[in-house]
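An overview of the molecular structure
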Amino acid sequence: MQISARRHDKSTIFDVSGDIDFASSPEVRQSVLHEIRESRTPRVLVNLSQVRYIDSSGVASLVEGLKASRDLGSRFILFGLSEPAREVLQLSRLFKVFEIYDNEEKALAS
Amino acid sequence: MLALYSNPKWLSVVRGAVERLTETLGFPPVECRSITRAVDEALTNIVRHSYGNRLDRPIAMYFRKTQRRQDGEVQQGLEILLCDRGPAVDPNKLQGRPLEEIRPGGLGLHLISEAMDTVEFTRKGPTNRLRLVKYLAQANDAL
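Below is a summary of the structure that appears in this document. Not measured: the values here are computed from a predicted model.

About the criteria used
- Residues numbered from 1 in each chain as written.
- Chains lettered and ligands numbered in written order.
- Predicted model: local features only at pLDDT ≥ 70, side-chain atom pairs only at ≥ 80, totals over all residues.
- Buried ≥ 20, exposed ≤ 12 C-beta atoms within 10 Å, placed from the backbone.
- Helix = DSSP H or I, 4+ residues; strand = E, 2+ residues; numbered from the N terminus.
- Pairing = 2+ DSSP bridges.
- Axes fitted to C-alpha atoms, helices over the stretch in contact; angles between N-to-C directions.
- Contact = placed C-beta atoms within 7 Å.
- Left-handed = near helix turned anticlockwise from the far one by under 90°.
- Nonpolar A, V, L, I, M, F, W, Y, C, P; charged D, E, K, R; others polar.

So, on to the pairing of strand β4 (residues 118-124) of chain B. Residue and element names in this part refer to chain B. The buried count for β4 comes to zero of seven residues, which makes it a mostly uncovered element. The pairing of β4 with strand β5 (residues 127-135) spans seven bridges and is antiparallel. Note that in β5 the partner of Val119 across the bridge is Leu132. In textbook terms, the turn of a hairpin is the stretch between consecutive antiparallel strands, and for β4 and β5 this stretch comprises two residues, one of which, Gly125, has a positive phi near 60 degrees.

Turning our attention to the sheet that holds strand β5 (residues 99-101) of chain A. Residue and element names in this part refer to chain A. Spatially, β1-β2-β3-β4-β5 is the arrangement adopted by the five strands of the open sheet, whose pairing is mixed. Only two strands of the sheet have a single neighbouring strand rather than two, namely β1 (2-8) and β5. Neighbour-to-neighbour, the strand axes of this sheet turn through a mean angle of 25 degrees, independent of strand direction. Where helix α1 (residues 25-38) meets the sheet, it contacts β1, β2 (11-20), β3 (43-54) and β4 (75-79), and its direction lies at approximately 175 degrees from that of β2.

Turning our eyes to something else, we now look at the interface of chain A and chain B. Each side of the interface is counted separately: chain A has 18 residues, and chain B has 20 residues. Those elements that place two or more of their residues in the side of chain A that touches chain B are α2 (56-72) and α3 (83-91) of chain A. Sort the elements by how many residues they give to the side of chain A that touches chain B and α2 of chain A lands first, with six residues.

All names here are of chain B. Close contact between helix α2 (residues 29-50) and helix α3 (residues 108-115) brings their axes to 8 Å; oriented N to C, the two are set at 145 degrees. Relative to α3, the crossing made by α2 is left-handed. Along its contact with α2, which presents Ser34, Ile35, Arg37, Ala38, Glu41, Ala42, Thr44 and Asn45, the element α3 presents Gly108, Leu111, Ile112 and Ala115. Of the residues assigned to the contact of α2 with α3, the class counts are six nonpolar, four polar and two charged.

Below, the structure written as structure tokens:
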């Protein structure tokens, strides 16, 4: 799994690729929560287009990001969901809980 | 049979093996992914809950073809048995949380039961045994 961050105006975009599993999800969780809680970035976006696999611990990391952003009144957005990511969020019945966009352009325009 | 230690670094290796196995047996792509996910979630549960994140404990996995009679037809399937030597698990704790609750955690069991036709947990001597079975749809009976 690889995760990198980009800045765009007042937003931070995380590009995640590979497998988000029990071994790698703590890195996603830490990166996202740091950006929301410590950096207080008003809008955090996560690009899931290159995610090949995501397990329940990966989903839990995203839920933590969502809850942290709600607590602080910021926004937490997912975009470009790969098929495996989409499947897991739908199975978890979380698809409508997150703010999700098809691609980065639409996410940034939101 | 596959033997491994309870180190999360092996999870991706097992996923690769299970995905190739299910593809070879003729499961459709969505089910290959869901079976692979179920096995991965089950292994993660063993590492976290049965072994308390210790990295050096043994896990054994057995794979075999199986079949059942359904509506007069023989249905082929894949049986996966996961064995660990952790403390006995309280079966009452093997319940997924209600999905209406939006909170982290508790999704693994739900993903396992969604994916598999049979999920059975038993304790035999010092061993926890999780038996997972998935049957091929009739039109896809390629095992």
